[in-house]
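# Reading the structure
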Amino acid sequence: MSAHLPLTLSVNGEEVSRLVEPRETLADFLRRDLSLTGTHTGCEMGVCGACLVMLDGLPTHACLVFAVQAQGASVETVEGLTQSAAIADLQRAFHERNALQCGFCTPGMLVTAQGLLSRKALPSREEIRDALSGNYCRCTGYEAIVDAIEMVARRRAAGETATSFVEEPA
Ligand code: FES
Ligand code: FES
């Protein structure tokens, strides 16, 4: 049995300290140790994009990072981005455009979209597709996902925001 290593980092704005196995991935740490199961694991080799989280503000494959490599870092998962409403407009647009079916890829898609729109306010459809090239979706054919992200880019450029991904009751 391997020795455990101390790890302290910020997860969704809260400082977390744990002992972790040296080879535990950040994805497994988030899912098993913190029960943040919105970070999905599919390929576990950096291909499918299901495990994307924000690591110090950049979309990062949590399956390719050892948890101990995130020492001192700031991690935002889809749960944190949801609680802060940072992606509420994206979630609403995915809902409006039916941009998900089984939903397995959706957390990674949302993290990619948020990362893209923070780098470029009004990306072209080609740029959106290029950004999504590391996110696999078996269900949707991608068209509705691109539509949803394009819709949000335009809404943000027009100053529209959302505080919740569902419509407030009238
Ligand atoms: S589980 Fe990390 S990229 Fe597929
Ligand atoms: S909605 Fe099923 S994998 Fe994308």
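We now turn to the structure provided with this report.

Definitions and limits used
Residues numbered from 1 in each chain as written. Chains lettered and ligands numbered in written order. Predicted model: local features only at pLDDT ≥ 70, side-chain atom pairs only at ≥ 80, totals over all residues. Heavy atoms only, no water. Pairing = 2+ DSSP bridges. Helix = DSSP H or I, 4+ residues; strand = E, 2+ residues; numbered from the N terminus. Axes fitted to C-alpha atoms, helices over the stretch in contact; angles between N-to-C directions. Contact = heavy atoms within 4.5 Å. Buried < 20%, exposed > 50% of the residue type's maximum accessible area, 1.4 Å probe, protein only.

### Considerations on the sheet that holds strand β3 (residues 52-55)
In space, the 5 strands of this open sheet follow the order β2-β1-β5-β3-β4, with mixed pairing throughout. This sheet does not close on itself; its edge strands, each paired only once, are β2 (14-20) and β4 (58-61). Within the sheet, the average angular offset between the axes of one strand and its neighbour, ignoring direction, is 40 degrees. Pairing of β3 with β4 involves 4 bridges; the strand directions are antiparallel. Note on β4: the bridge partner recorded for Leu55 is Leu58. Contacts from helix α1 (residues 26-33) reach β1 (5-11), β2, β3 and β5 (74-76), with the element oriented near 105 degrees to β2. Contacts from helix α4 (residues 106-119) reach β3 and β4, with the element oriented near 40 degrees to β3.

### With respect to the pairing of β3
Of the two faces of β3, the one holding Leu52 and Met54 and the one holding Val53 and Leu55 are both buried throughout. Here β3 pairs with β5 via 2 bridges, running antiparallel. Counterpart to Leu55 in the pairing with β5 is Val75.

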